[in-house]
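# Inside the fold
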Amino acid sequence: MVALYGRNYSRREIEAASGSLAHAAGVRLMTLGDGVERGVRMLEFRSGTGLRFTVLIDRAMDIADCEYRGMGIGWHSPSGFRHPGLHDYEGEGGLGWMRSFSGLMVTCGLDHILFMYDSPADNYVYAPREKVSHSIHGRVGTIPARLTGYGELWDGDACTLWAEGIVTQGTVFGEHLEMRRRIEIAVGSDEIRLSDRVVNRGFYRTPHMFCYHVNIGHPVLEKGARYLAPIRSTPWAAHADSYEAQGVGYRTMPAPQANFHEQVWQHEMSADAGGEVPVALVNDRLGLGFMLTSRKEQFPCQYQWQNLQEGQYAVGIEPSTNHVLGEGAARERGEMIFLEHGDERHYDTRVSILPDEGAIANAEARIVAIAQQPEHEYPPISGAFAPLEGRT
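Described below are features of the structure shown in this document. (Residues numbered from 1 in each chain as written. Predicted model: local features only at pLDDT ≥ 70, side-chain atom pairs only at ≥ 80, totals over all residues. Heavy atoms only, no water.)

### Comments concerning the sheet that holds strand β4 (residues 41-46)
To keep it simple, the criterion reads: Two strands are said to pair when DSSP picks up at least two bridges between them. Helix numbers and strand numbers start at the N terminus; a helix is a DSSP run of H or I with at least 4 residues, a strand a run of E with at least 2.
Read from one edge of the open sheet, 5 strands run β3-β4-β5-β6-β7, paired in antiparallel fashion. The open sheet has two edge strands, β3 (26-31) and β7 (71-72), and neither has a second partner. Sheet analysis places strand β6 (residues 62-68) next to β7, joined by 2 bridges and oriented antiparallel. Bridge assignment links Y68 to a residue of β7, and that residue is M71.

Dropping the structure here:
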């Protein structure tokens, strides 16, 4: 059955009530037409609950807009949803990526994440390519996808909205990685299911790093919003040498700040019995929250990003395949993932809207049952990065 408007409907009842499911829910293809966004293909999803989100086909099928009953959830930066043809990945000393950095979700990878780094390139067996120069967070996030399908899928009286596409990151004498992404949401649901499969289609031994930069903005983020996570310890903070100088801890968010310097933390998370790690940002005043649930064996690391500057106000939840120490440390510690031809990695993640006080309370109870997070706004920095297993 489809849950809409306070009752359950069969498929026949839905079809009898209107000539199209689109009166309540659906997914449709459109193209943006103005400014830096001109020409970007986009899929708009409406689940029928008041949840609306968009998927940028021409930016790795990342989720851009996200709103619930008219309240914003996804972050919008000054860059807008820039057309990839305007992007200069190599620009600004490796920071050109920032000019396309906006939206609820930005995918980082497929062979590099975190800050700029020059990788050895001997695995590509091409003498003129002595190194691979990476800008921040890798190339995949501005590569257009090949849209392989989208629409409504009925299974009896249940209906799922879906889209699928393939993003190829490849070059001559270099990597040839493919990400196949599928996005689903049940009609009448507030939960988005994201499934990614990254495959080495090339014939060189190729490094793989992967991260979701999931960015929550106003009004879920406002003064008093709370970060909830099953934190076992905090190995690292970018601002550890001036830990309390800005007066902003990890747990309770302030109003937008003047001249704020971004803060990044890495937390060591515990998983539940099923291997899941739920992390949330909640607004008790609005009775609205956002939760990201990842799998510990797929994303063993987790960052928290605080960009609380006026005009750029955001908090990021970032599950990652690697520690925040970066690519160099991953190689030195033997924690880099290398994929041979045909090797693949899978990532299964859920994005959930917490639509009321009850949903927030249930999410908090679930998180606390996994691990009691530190009550202090400035938890001690352990400096202990757990070894990452299963790296081949």
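### Quick look at the sheet that holds strand β21 (residues 288-295)
To be explicit about the condition: Helix axes use the C-alpha atoms of the stretch in contact, all axes being lines fitted to C-alpha atoms, and the angles between their N-to-C directions lie in the range 0 to 180 degrees. The criterion used for residue contact is that any of the two residues' heavy atoms lie within 4.5 Å.
Strand order in this open sheet of 8 strands is β11-β12-β13-β14-β25-β21-β20-β17, and the pairing throughout is antiparallel. This sheet does not close on itself; its edge strands, each paired only once, are β11 (146-155) and β17 (226-228). This sheet shows a mean twist of 15° between the axes of neighbouring strands, independent of strand direction. Packed onto the sheet, helix α3 (residues 357-370) meets β17, β20 (276-283), β21 and β25 (344-354) and runs at close to 140° relative to β20.

### Section: the environment of M336
Threshold: For the exposure calls, accessible area comes from a 1.4 Å probe over protein chains only, and a residue counts as buried if that area is under 20% of its type's maximum, exposed if over 50%, partly exposed in between.
Relative to the assigned elements, M336 resides in the loop between α2 (327-332) and β24 (337-339). Its relative accessible area of 4% is what places M336 among the buried residues.

### A short note on the pairing of strand β5 (residues 51-56)
Two faces make up the sheet, and in a regular strand the side chains alternate between them. Burial analysis of β5 places 5 of its 6 residues in the buried class, which makes it a mostly covered element. Sheet topology note: the β4/β5 ladder contains 5 bridges and is antiparallel. Within the sheet, the bridge partner assigned to L43 lies in β5 and is V55. Here β4 folds back onto β5 in antiparallel fashion, the turn holding 4 residues, of which G48 has a positive phi close to 95°. Bridge count for β5 against β6 is 5 bridges, and the pairing is antiparallel. Looking at β6, one finds that L56 is bridged to D62. Turn length for the β5-β6 hairpin, with the two strands adjacent in sequence and antiparallel, is 5 residues, and the turn residue A60 shows positive phi of about 60°.

### With respect to the pattern of salt bridges
Applicable threshold: Salt bridge, as used here: a side-chain nitrogen of Lys or Arg that lies within 4 Å of a carboxyl oxygen of Asp or Glu.
On inspection of all chains with the given rule, the structure shows 32 salt bridges. A salt bridge links R350 to E191; the shortest N-O distance between them is 3.3 Å. Highlighted residues: R350 in strand β25 and E191 in strand β14 (residues 191-200), separated in sequence by 159 residues. Exposure remark for R350: the relative accessible area of 21% places this residue in the partly exposed category. Here E191 falls in the partly exposed class, since its relative accessible area comes to 26%. Residues E335 and R333 are paired through a salt bridge, measuring 3.0 Å at the closest nitrogen-oxygen approach.

### Side note on the nonpolar core
Formally: Nonpolar core, defined: a set of buried Ala, Val, Leu, Ile, Met, Phe, Trp, Tyr and Cys residues in which side-chain atoms within 4.5 Å join the residues together.
The biggest cluster of nonpolar side chains holds 74 residues, and the ones touching the most others in it are F45, F53, Y227, L281 and F290. When neighbours within four sequence positions are excluded, F45 is seen to be in contact with G26, V27, L51, R52, F53, V55, L161, W162, A163, I183 and I185. If you look at the next biggest cluster of nonpolar residues, it comprises 21 residues, including F101, I136, V324 and M336.

### Structural notes on α3
As a reminder, the rule being used: Take the residue count of a helix, subtract one, and multiply by 1.5 Å to get its expected span.
For α3, spanning 14 residues, the distance from its first C-alpha to its last is 20 Å, which sits close to the expected 20 Å at 1.5 Å a residue. Tucked inside the fold, the buried residues of α3 contact β17, β20, β21 and β25.

### Details of the packing of aromatic side chains
Rule in force here: Any Phe, Tyr or Trp ring, taking Trp's six-membered ring, that has another such ring centre within 6.5 Å forms a pair; planes under 30 degrees apart are called stacked, those over 60 apart edge-to-face, and the others tilted. Here, a charge over a ring is recorded when the distance from Lys NZ or Arg CZ to the ring centre is within 6 Å and its angle to the ring normal is within 35 degrees.
Counted according to the given criterion, the structure contains 16 aromatic pairs. Relative to F101, the ring of W75 lies with its centre 5.0 Å away and its plane at 70°, an arrangement referred to as edge-to-face. With W75 in the loop between β7 and β8 (105-108) and F101 in the loop between β7 and β8, this pair connects stretches of sequence that are 26 residues apart. F101 matches W75 in its accessibility class, with the two residues each being buried. Between F101 and W305 the ring centres are 5.4 Å apart and the planes differ by 40°, which places this aromatic pair in the tilted class. Remark: W305 occurs in strand β22 (residues 301-307) and F101 occurs in the loop between β7 and β8; sequence separation between them is 204 residues. For the pair formed by F101 and W305, the shared burial category is buried. Linked through ring pairs, Y227, Y243, Y250, W265 and Y378 together constitute an aromatic cluster. Here the guanidinium or amino end of R7 rests over the ring plane of Y9, the centre of that ring lying 4.0 Å away.

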